[in-house]
Amino acid sequence: MGGSVKDVESKEELDSVVLQGAPVILHFWASWCEASKHMDQVFSHLSTDFPHAVFFRVEAEEQPVISEAYSVSAVPYFVFFKITISFMVPPLTSLLPLVAYPIIVNAVALLLPQEPAVGMATTIEDGKSVDTMEGADPSTLANKVAKVAGSINPGEAAAPASLGMAAGPTILETVRELSKENGASQVESQLPSSLTDTLKIRLQKLIESQPVMLFMKGSPEDPKCGFSRKVVEILREEKIKFGSFDILIDNEVREGLKKLSNWPTFPQLYCKGELVGGCDIAIAMHDSGELKEVFRDHGIEASDDSNEAKATEPESGNGGISDSTGLSLTVTSRLESLINLSPVMLFMKGKPDEPRCGFSRKVVEILQQEKVDFKSFDILSDDEVRQGLKVYSNWSSFPQLYIKGELIGGSDIVLEMQKSGELQRVLAEKGITQKETLEDRIKNLINSSPTMLFMKGTPDAPRCGFSSKVVDALKAENVSFGSFDILTDEEVRQGLKVFSNWPTFPQLYYKGELIGGCDIIMELRNNGELKTTLSE
């Protein structure tokens, strides 16, 4: 089965293969996810590089049993089985950047002979998941596969082509040197092929056409993927004027740039001709403030002029961007009404209390964790809305989250925004406050007065004898107290029973703590302890 990728049809099939003992790698993907498609190409290459491992592809939404078993909530997502191998090598940190070290360690591991030597440790975990990976990172994927699958052939050094494409120039140079020492002559032939001089010149001119240059899918006004959209937003937040090129309209530029930059995915951000990185790196640098420093160090100042320049060539045109969605006015009007139905609007598969896919469930959980009041629309119940919204939003998958009429993104983007704290910031900027949960409301009521009585009726007009007795006892001791009529709010009435673990009323609280009901209050009063208890 090695050397190819197979689609998993059932959990039973997967379990059966895992138990056979060979290294197994799963790729959870979705047809609508562009990043999944890119990573699937890398995954396919790796299956050739490591023919002794089993490579399975799992369509996440079509195989919910398998997806749930491995807690898949975003794609691409990878699960690794069978073997974990760790190697000890001489420290290289004095020669190379710290960020490169883990990749070099793995590259060294690939070039060493299969038989364990001194300083090498091997751990085997049969039939168990030993590692996972979320996101589109070819270099990390290649490293993790190498660690799980081991050398390609006994006695041969291994350096998969996929690792060469994903690694940086410094790392590749290190791999070359180490491969010579270990007799791995095939490394050189597996490195990225050279570019023609004409294409190199063209790419360099594009890269240097603007001080800050973004190669993306689509245009800044009409991004064709969430990652490109995110980098555009970051540059606008930094108030940096930038040029852009739509790689979807020119495959020569698209493929050539991957080789020139040795960076397999898009978007790619350049500053004064130097590659800064992709979406993940741009986000991390933006969040840490490092991106602002890089721009400043290169003499690029923030500007209130946010107009972006498109780096187009005579043959490239405008990328086929349409001024119209092509939807009828009736459908457009309906979609806009739905989008603006609530300040926070989620278009999902199923309902919040019964999601029909893991990605929708994840976004619901995030909104609930953020205590955001939101409305939802089940796109499975209306195909006109489902298909129309894809065109209207230029976003081909679901769920789709909107805040104050603006598309935020799908599951991956919302998850990333929550992790970075950006989601909370966006909600605050849009004037959306956390909704008060029932527990929060009860706590606020209990603490609204040092002495607080939850009763039937009011102190002036009690609606039951027990409440009347407690009111009389408090007045007799000249205790000042607040009150809440539980007959006016069934939610508070039932919620307080659970909160206090006390099934009846009245309930008396002092400084946020439950004192008790009618019997306890009467006992405290008869013992002369009520005044003391409520003044401590």
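Refer to the structure printed above.
Residues numbered from 1 in each chain as written. Predicted model: local features only at pLDDT ≥ 70, side-chain atom pairs only at ≥ 80, totals over all residues. Heavy atoms only, no water.

So, on to the sheet that holds strand β13 (residues 344-348). One open sheet accounts for 4 strands, arranged β16-β13-β17-β18; its pairing is mixed. Each of the sheet's edge strands pairs with one partner strand only, and the pair in question is β16 (375-378) and β18 (406-409). Strand after strand, the sheet turns through a mean of 25 degrees between neighbouring axes, direction not considered. Alignment of β13 against strand β17 (residues 400-403), held across 4 bridges, turns out to be antiparallel. Note on β17: the bridge partner recorded for Leu 346 is Leu 401. Taken strand by strand, helix α14 (residues 329-339) contacts β13, β16 and β17, and its axis lies near 120 degrees from that of β13. Running at roughly 160 degrees to β13, helix α15 (residues 358-369) makes contact with β13 and β17 of the sheet. (Pairing = 2+ DSSP bridges. Helix = DSSP H or I, 4+ residues; strand = E, 2+ residues; numbered from the N terminus. Axes fitted to C-alpha atoms, helices over the stretch in contact; angles between N-to-C directions. Contact = heavy atoms within 4.5 Å.)

Next up on the list: the packing of aromatic side chains. Under the criterion given, the structure shown has 11 aromatic pairs. Ring geometry for Phe 43 against Phe 78: centres 5.9 Å apart, planes inclined by 45 degrees, an arrangement best described as tilted. Remark: Phe 78 occurs in strand β4 (residues 77-87) and Phe 43 occurs in helix α2 (residues 34-49); sequence separation between them is 35 residues. Each of the two residues, Phe 43 as well as Phe 78, counts as buried. With a centroid separation of 6.0 Å and 50 degrees between ring planes, the pair formed by Phe 454 and Phe 484 is classed as tilted. In this pair, Phe 454 sits in strand β19 (residues 451-455) while Phe 484 sits in strand β22 (residues 482-485), placing the two residues 30 residues apart along the sequence. Residue class for Phe 454 comes out buried when judged on its relative accessible area of 0%. Residue classification places Phe 484 among the buried residues on the basis of a relative accessible area of 14%. (Phe/Tyr/Trp six-rings, centres within 6.5 Å; stacked < 30°, edge-to-face > 60°. Buried < 20%, exposed > 50% of the residue type's maximum accessible area, 1.4 Å probe, protein only.)

A few words now on the sheet that holds β22. The mixed open sheet is built from 4 strands, whose spatial order is β22-β19-β23-β24. Where the open sheet ends on each side, the last strands, each with one partner, are β22 and β24 (513-516). Along the sheet, successive strands turn relative to each other by an average axial angle of 25 degrees, direction set aside. Two elements, β19 and β22, share 4 bridges in a ladder whose sense is parallel. Residue Leu 453 lies in a different strand from β22, and its bridge partner there is Ser 483. Docked against the sheet, helix α19 (residues 438-446) engages β19, β22 and β23 (507-510), running at close to 120 degrees with respect to β19.

Counting residues in each nonpolar core, the largest one holds 34 residues, and the members touching the most others are Val 344, Leu 346, Phe 347 and Leu 367. Counting only elements with at least two residues in this core, the list comes to α14, β13, α15, α16 (383-393), β17, β18, α17 (411-420) and α18 (422-429). Counting residues per element, this core draws most heavily on β13, at 5 residues. Membership of the second largest hydrophobic core comes to 23 residues, among which are Ala 35, Ala 60, Tyr 77 and Val 79. (Core = buried A, V, L, I, M, F, W, Y, C linked by side-chain atoms within 4.5 Å.)

This part is about the pattern of salt bridges. A complete count under the given rule lists 21 salt bridges for this structure. As a salt-bridge pair, Arg 202 and Glu 252 come within 2.9 Å of each other at their nearest N and O atoms. Of the two residues, Arg 202 sits in helix α9 (residues 197-207) while Glu 252 sits in helix α11 (residues 251-261), which places them 50 residues apart along the sequence. Of the residues examined, Glu 252 reaches a relative accessible area of 45% and is grouped as partly exposed. Its salt-bridge partner being Lys 443, residue Glu 439 comes within 3.3 Å of it at the nearest N-O pair. Of this pair, Glu 439 and Lys 443 both sit in helix α19, 4 residues apart, which is roughly one turn of that helix. The exposure class assigned to Glu 439 is partly exposed, which follows from its relative accessible area of 44%. Since its relative accessible area comes to 36%, Lys 443 is described here as partly exposed. In this structure, a network of salt bridges that share partners links the residues Lys 230, Glu 237, Glu 422, Arg 425 and Glu 429. (Salt bridge = Lys/Arg side-chain N within 4 Å of Asp/Glu carboxyl O.)

There is a patch of like negative charges on the surface, built from Glu 134, Asp 137, Asp 280, Asp 287 and Glu 416. On the basis of relative accessibility, which here comes to 40%, the residue Glu 134 falls in the partly exposed class. (Patch = residues over 30% accessible without salt bridge, like charges linked within 9 Å, V, L, I, M, F, W, Y side chains within 5 Å. Areas by Shrake-Rupley, 256 points an atom, 1.4 Å probe, with all protein chains shown as cover. Lys, Arg positive; Asp, Glu negative; His and termini not counted. Charge placed at Lys NZ, Arg CZ, Asp CG, Glu CD.)

Looking now at the side chain of Lys 349. Locating Lys 349 in the fold gives a position in the loop between β13 and β14 (350-351). Sequence-distant contacts of Lys 349, that is, excluding residues within four places in its chain, are made with Glu 61, Pro 355, Arg 356, Cys 357, Ser 360, Asp 378, Ile 379, Leu 380 and Arg 386.

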